[in-house]
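# Fold and contact review
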Amino acid sequence: DLHRRRHSFPTRRSSDLRAFSSLMDRNPEWRFVVCTSRRRWGSGEVRVEATKLYPRLQVYEGVTKDEYLDLVAASSVMLSCSPEENFGYCILEAAALGCLPVLKNCASHPELLGEEFSALLYDEYRQVVEVVEHAVRTPRPNITQVADKYKTSLSRIVELCLGEQR
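Residues numbered from 1 in each chain as written. Predicted model: local features only at pLDDT ≥ 70, side-chain atom pairs only at ≥ 80, totals over all residues. Heavy atoms only, no water.

### Quick notes on the overall build of the protein chain
The criterion, for reference: Helix numbering and strand numbering both begin at the N terminus, where a helix is a DSSP run of H or I of at least 4 residues and a strand a DSSP run of E of at least 2. A 1.4 Å probe rolled over the protein chains alone gives each residue an accessible area, and that area as a share of the maximum for its type sets the label: buried under 20%, exposed over 50%, partly exposed in between. In what follows, residue pairs with any heavy atoms lying within 4.5 Å of each other are defined as contacts.
Along the protein chain, the regular secondary structure elements total 7 helices and 5 strands. Beginning at the N terminus, the succession of helices and strands in the protein chain can be written as α-β-α-β-α-β-α-β-α-β-α-α. Here the protein chain, with 166 residues, has 42% of them falling under the buried criterion. The contacts of the protein chain with a sequence gap of at least 6 include a subset with a gap of at least 24, amounting to 65%.

### Looking at the environment of T36
Relative to the elements of secondary structure, T36 occurs in the loop between β1 (32-35) and α2 (44-53). Look at T36 and you get buried, because its relative accessible area is 10%. Between the C-alpha atoms of T36 and K65, which are 29 residues apart in sequence, the distance is 9.7 Å.

### Concerning the packing of helix α3 (residues 65-73) against helix α4 (residues 89-96)
For the record, the criterion: A fitted line through C-alpha atoms represents every axis, and for helices the fit uses only the stretch in contact; the resulting angles, taken between N-to-C directions, go from 0 to 180 degrees. For this classification, under 35 degrees means roughly parallel, over 145 means roughly antiparallel, 65 to 115 means roughly perpendicular, and everything else is oblique. Working rule for handedness: look at the near helix, and if it is turned counterclockwise from the far one by less than a right angle, call the crossing left-handed; if clockwise, right-handed.
Two elements in contact, α3 and α4, have axes whose closest approach is 9 Å; the angle formed by their N-to-C orientations is 55 degrees. The angle between α3 and α4 places the two elements in the oblique class. As α3 packs across α4, the resulting crossing turns out to be right-handed. Along its contact with α3, which presents K65, Y68, L69 and V72, the element α4 presents C90, E93 and A94.

### Quick word on unusual backbone geometry
Of all residues except glycine, most have a negative phi; of all peptide bonds, most are trans. Residues other than glycine seldom take positive phi values, yet A107 does so here, at roughly 50 degrees. Mapped onto the fold, A107 is located in the loop between β4 (100-104) and α5 (109-113). With relative accessibility at 53%, the residue A107 sits in the exposed group.

Remember that the coordinates give geometry; whether it matters functionally is a separate question.
Here it is in structure tokens:
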């Protein structure tokens, strides 16, 4: 039963907390995670206030890339409130690990996900809760397809770059 599963939401941005409040209230069995590679997540005041307001929020600071990928792999949804993404490596990493990226419908996000996964996009903040809950409660699409379609082109780019350095 998806309602009883524990869900994690690793994220890099403190602005995602706005959605966490509603999601936490509506889904007490879910787990919420914020992680950053920085030694400190936001200002000290923001972190202290957030963990007081949201005691179920787990904050991981100073995570390595491997630790980040482990958190994403253990998660059902990655919520990103980023207004833009130059290419979206974190989106492809989440997709490759089977974690559904819920993203703002802007910049490169629609192109990265493609039409098949457009239900993971939201236009306005108030849609975040609905999109996340829908993503969790409906049959899981094979999101790894998103990463697979870039595998060849990314490998070729890396190969070209490494070839130029030699």
